[in-house]
There are 2 protein chains.
Amino acid sequence: MNQLPIVGGTPVVMPKEPLVLGRTFPVMEVFGPTVQGEGVVAGLPTYFVRFGLCDYRCSWCDSMHAVEPASVKANAEKLTAHQIVGRIKALDAGPEWVTFSGGNPAVHDLGELVKLFQGQGIRVAVETQGSKWRSWLGDVNCLTISPKPPSSGMAEKVEADLEGFMYEASLARPNRWQDCLKVVVFDDEDLDFAARVFQRFPTWPRFLSCGTVIDESLSDLANRYAWLLGRIAHDQRFAQARAFPQLHVVAWGHLKGV
Amino acid sequence: MNQLPIVGGTPVVMPKEPLVLGRTFPVMEVFGPTVQGEGVVAGLPTYFVRFGLCDYRCSWCDSMHAVEPASVKANAEKLTAHQIVGRIKALDAGPEWVTFSGGNPAVHDLGELVKLFQGQGIRVAVETQGSKWRSWLGDVNCLTISPKPPSSGMAEKVEADLEGFMYEASLARPNRWQDCLKVVVFDDEDLDFAARVFQRFPTWPRFLSCGTVIDESLSDLANRYAWLLGRIAHDQRFAQARAFPQLHVVAWGHLKGV
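All values derive from a computational prediction rather than experimental measurement. (Residues numbered from 1 in each chain as written. Chains lettered and ligands numbered in written order. Predicted model: local features only at pLDDT ≥ 70, side-chain atom pairs only at ≥ 80, totals over all residues. Heavy atoms only, no water.)

**Things to note about the packing of helix H6 (residues 218-233) of chain A against helix H6 (residues 218-233) of chain B**
H6 of chain B packs onto H6 of chain A with a crossing angle of 95 degrees between their chain directions and a minimal axis gap of 10 Å. Between H6 of chain A and H6 of chain B, the interaxial angle falls into the category roughly perpendicular. Mapping the contact onto sequence places Leu218, Ser219 and Ala222 of chain A in H6 of chain A and Leu218, Ser219 and Ala222 of chain B in H6 of chain B. Across the contact of H6 of chain A with H6 of chain B, the residue classes tally to 4 nonpolar, 2 polar and no charged. (Axes fitted to C-alpha atoms, helices over the stretch in contact; angles between N-to-C directions. Helix = DSSP H or I, 4+ residues; strand = E, 2+ residues; numbered from the N terminus. Parallel < 35°, antiparallel > 145°, perpendicular 65-115°, else oblique. Contact = heavy atoms within 4.5 Å. Nonpolar A, V, L, I, M, F, W, Y, C, P; charged D, E, K, R; others polar.)

This is the structure we're talking about:
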């Protein structure tokens, strides 16, 4: 409906695009339909919105273009919540999910955006490292918390951040069947970290994600995944943990926008 | 406890191994600890028991040694339920799950075995094609029903079998959070079959498993998986379906015993 009620005999034609009002967010990419590669809803069709900016600097980050402020400033579009929803609705139909990725989406106040998507019948999945709690994280349909293991170089930040985040998350999300703790694993030290996290927060579903290195071959990935499966199969600390490769990397490698 | 109560002053020493009494089952392999490669508990550590015999002859069967009666007769061990549990307990510790595979485990009466494992604190996952209902399938912890798609050459059998099986399964398993319908997909005809199955049984969780061919390369598998993800991402019939590669094949190829 692009017309206001007639006033004084003259129809007032509204612009088809809503005016850009209100807060904007730095958006690096809006893409899909594609398939979720990680976490408890892995394998499901989804759209993605990748937000810029992050409070961590992981050594093996696969999305550094969405992390460094200079890159974000140069490459991000500033979009309102309504504009982001519009971008998704303009894509091909298919998925019933949208995934907020980053960077760390929890550095932004995305509560309005969550409500807008859900009002359109689109469920919201979020992946965040468990550093900054936001009340809107209580409203999403799937919360994947991925505490960064020692190989990331972020051990001190994790030490400072995770406990407070998990306290808030555990209060806000009593039903966790679509939530998980997901730890990326490159080596035995990462595995020990994962075991401690799982033991500390035993009521959260447990995922291990096999680490990947940009530009490595598929067989390198497969070999590291085989190593990970061999480790967890024999280790009772991981009897309730599920180990996956990054499904999108198996399918497409490290291409962007898929 | 290896001694009966003393009778007439003479202790009766019982053999340490229980006598082989009662029904036996044809067992092709008992192995683990390893990791579940498919279905709703994919990625979890598990033991496996592969039973011989099957009522289907799928063209791409990856376990034909457990299907053909001559092969089963030549290669299976005949084990009682107690002996099977003993074989698992003799393996390294680790997993909390055992998976019954085949062949089709539902051609056997495994109710006693399910109870024995569960009494030891081991959860039971079963994969079966949905042809022969057994009341013990109501007692397992995870039921993966894998109706065979047209590429298997079993369309007529599926037509005859699946409806009755799903009727019994739906009565016996009202809580399906660890159950699923899992359809193997090689091509578009298989995808259409999966869509019809999902539509007919909408309350069952939905998985698509990317078909694999023995001895194909990892990149062939990755290419077919990429094809599958591209198909489902844009097809609303699969908005609630999760597509996976066979995780054990990603890690190890088609080795047996892993």
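**Let's talk about the relation of the copies chain A and chain B**
Rotating chain A by 180 degrees and moving it 0.0 Å along the rotation axis overlays it on chain B with an RMSD of 0.0 Å. Here the two chains are linked by the operation of a two-fold rotation axis. Within chain A, leucine 218 of chain A has its C-alpha nearest the rotation axis, a separation of 3.7 Å. A symmetric contact is evident, with 100% of the interface residues of chain A recurring at the interface of chain B. (Least-squares fit on C-alpha atoms with pLDDT ≥ 70 in both.)

**A closer look at the nonpolar core**
Ranked by internal contacts, the top residues of the largest apolar core, which has 147 residues, are Phe100, Phe117 and Leu208 of chain A together with Phe100, Phe117 and Leu208 of chain B. Among residues more than four places away in sequence, those in contact with leucine 208 of chain A are Val183, Val185, Leu191, Ala194, Phe198, Leu228, Ile232, Phe238, Ala241, Arg242, Ala243 and Phe244 of chain A. (Core = buried A, V, L, I, M, F, W, Y, C linked by side-chain atoms within 4.5 Å. Buried < 20%, exposed > 50% of the residue type's maximum accessible area, 1.4 Å probe, protein only.)

**Remarks on the packing of helix H2 (residues 81-89) of chain A against helix H3 (residues 111-119) of chain A**
All names here are of chain A. Contact geometry of H2 with H3 gives a least axis separation of 9 Å together with a crossing angle of 40 degrees. Note that H2 runs across H3; the crossing there is right-handed. Each of Ala81, His82, Ile84, Val85 and Ile88 in H2 lies in contact with H3, whose residues at this interface are Glu112, Leu113, Leu116 and Phe117. Across the contact of H2 with H3, the residue classes break down as 7 nonpolar, 1 polar and 1 charged. (Left-handed = near helix turned anticlockwise from the far one by under 90°.)

**As for the interface of chain A and chain B**
Accessible area lost on assembly of the parts is the figure often given for the size of an interface. Tallying the contact residues gives 38 residues for chain A and 38 residues for chain B. Counting each side, the surface lost to burial between chain A and chain B is near 3,100 Å², with a carbon and sulfur contribution of 64%. Considering only the side of chain A, the residues that lose the most area to chain B are Ala233, Ala239 and Arg242 of chain A, jointly responsible for 17% of the buried surface there. At the junction of chain A with chain B, the criterion picks out 0 salt bridges. Counting every contact that joins chain A to chain B gives 10 residue pairs in polar contact (both at pLDDT 80 or more). (Buried area = accessible area lost by both parts, 1.4 Å probe. Salt bridge = Lys/Arg side-chain N within 4 Å of Asp/Glu carboxyl O. Polar contact = N/O pair within 3.5 Å; in protein donor to acceptor, adjacent residues only side chain to side chain.)

**Here we look at the sheet that holds strand E4 (residues 97-101) of chain A**
All names here are of chain A. Taken in spatial order, the 9 strands of this open sheet run E3-E1-E2-E4-E5-E6-E7-E8-E9, and their pairing is mixed. In the strand order of this sheet, the two ends are held by strand E3 (77-79) and strand E9 (241-244), each with one partner. Direction aside, the axes of adjacent strands within the sheet are offset by 30 degrees on average. Judged from the 4 bridges that link them, strand E8 (residues 206-210) and E9 form a sheet pairing that is parallel. Residue pairing in the sheet places leucine 208 in a bridge with alanine 243 of E9. (Pairing = 2+ DSSP bridges.)

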